[in-house]
Amino acid sequence: MTTTAPTVIVIDDDPEIREALSSLIRSVGFQPKLLASVGEFLKSGRPEGPSCLVLDVRLPGQSGFDLQRELAAMHIQLPTIFITGHGDIPMSVRAMKGGAIEFLTKPFREQDLLDAIQLGLERDRAWVEEEKVAAGLRARFETLTPREREVMVRVVAGRLNKQVAYDLGISEVTAKVHRGQVMRKMKASSLPDLARMADKLQLSL
């Protein structure tokens, strides 16, 4: 099984800058994906595996800030490093408030960009891992019956078996059986563990 090299997407309308960044990215073992506009990125989408985005602020058509806003609206998490030849403090503040990792003014030190890329890829790996865990939890939750889901929500809210039974109009023994099924199907080792799962699934009474 081969591991795909992390991808660094570069969006810059200057071909010389794209080529220079491509050489730099390849030199540290990452895979560059070179694009000239936001439109090209939106057509191709984000690659599989760990990725981050090196994004010029000023681009033909949609700007780097337009893309940052669009990604947020689509709930696409992609660590972003802004680069610009015409940066100022308000621009930098806007980028960072939008969730950018770094805002670099050209010409910047290569090491500063590589450090930011490394941070971005680490962050993306963490996001991907979190999403895998969340997907596993959602899949386990889907195996619960409607009644077991009702029991789970009440158990993690701190209600005792007899209170759960009263809420749902069932016997205490039945509530206890459902609770056991919930723990088994969710693969929860303890009640606090189940509560953490419910928190990640955003369940509440």
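Our subject is the structure listed above.
What you are looking at is a predicted structure, and each value in this text was computed from that prediction instead of being measured. (Residues numbered from 1 in each chain as written. Predicted model: local features only at pLDDT ≥ 70, side-chain atom pairs only at ≥ 80, totals over all residues. Heavy atoms only, no water.)

**Quick look at the sheet that holds strand 4 (residues 80-84)**
At step 1: With respect to topology, five strands assemble into an open sheet ordered 2-1-3-4-5, the strand pairing being parallel. Edge positions in the sheet fall to strand 2 (31-35) and strand 5 (102-105), since each has one partner strand and no second. Strand-to-strand twist across the sheet, computed as the mean angle between neighbouring axes with direction ignored, equals 20°.
At step 2: Examined bridge by bridge, strand 1 (residues 7-11) and strand 2 share five bridges and lie parallel to one another. Paired with Val 10 across the bridge in strand 2 is Leu 34.
At step 3: This element, helix 4 (residues 89-97), spans strand 4 and strand 5 of the sheet and lies at about 150° to strand 5. (Pairing = 2+ DSSP bridges. Helix = DSSP H or I, 4+ residues; strand = E, 2+ residues; numbered from the N terminus. Axes fitted to C-alpha atoms, helices over the stretch in contact; angles between N-to-C directions. Contact = heavy atoms within 4.5 Å.)

**Points about a nonpolar patch on the surface**
At step 1: On the surface, Leu 42, Met 74 and Ile 76 cluster together into a nonpolar patch covering about 220 Å² of accessible area.
At step 2: One can find Leu 42 in helix 2 (residues 38-44).
At step 3: Overall, Leu 42 belongs to the partly exposed group, its relative accessible area being 33%. (Patch = residues over 30% accessible without salt bridge, like charges linked within 9 Å, V, L, I, M, F, W, Y side chains within 5 Å. Areas by Shrake-Rupley, 256 points an atom, 1.4 Å probe, with all protein chains shown as cover. Salt bridge = Lys/Arg side-chain N within 4 Å of Asp/Glu carboxyl O. Buried < 20%, exposed > 50% of the residue type's maximum accessible area, 1.4 Å probe, protein only.)

**Comments concerning the pairing of strand 4**
At step 1: Counted residue by residue, strand 4 has five buried out of five residues, so it is predominantly covered.
At step 2: With burial as the criterion, each face of strand 4 is covered, one bearing Thr 80, Phe 82 and Thr 84 and the other bearing Ile 81 and Ile 83.
At step 3: Looking at chain direction, strand 3 (residues 51-56) and strand 4 are connected through four bridges and run parallel. Within strand 4, the position partnered with Val 54 by the bridge is Ile 81.
At step 4: Running through helix 3 (residues 64-73), the crossover from strand 3 to the neighbouring parallel element strand 4 is right-handed.
At step 5: Bridging between strand 4 and strand 5 involves four bridges; their strand directions are parallel. Each bridged residue has a counterpart across the sheet, and for Phe 82 the counterpart in strand 5 is Phe 103. (Right-handed = clockwise from strand over helix to strand, strands pointing away.)

**Some remarks on the packing of helix 1 (residues 15-27) against helix 5 (residues 110-142)**
At step 1: At their nearest, the axes of helix 1 and helix 5 sit 11 Å apart, and the two run at 60° to each other. Taken together, the axes of helix 1 and helix 5 are oblique relative to one another. When the axes of helix 1 and helix 5 are compared, the crossing they make is right-handed. For the pair formed by helix 1 and helix 5, the contact residues are Leu 21, Leu 24 and Ile 25 on the first element and Glu 110, Leu 113, Leu 114 and Ile 117 on the second. (Parallel < 35°, antiparallel > 145°, perpendicular 65-115°, else oblique. Left-handed = near helix turned anticlockwise from the far one by under 90°.)

Just geometry here; none of it tells us what the structure is for.
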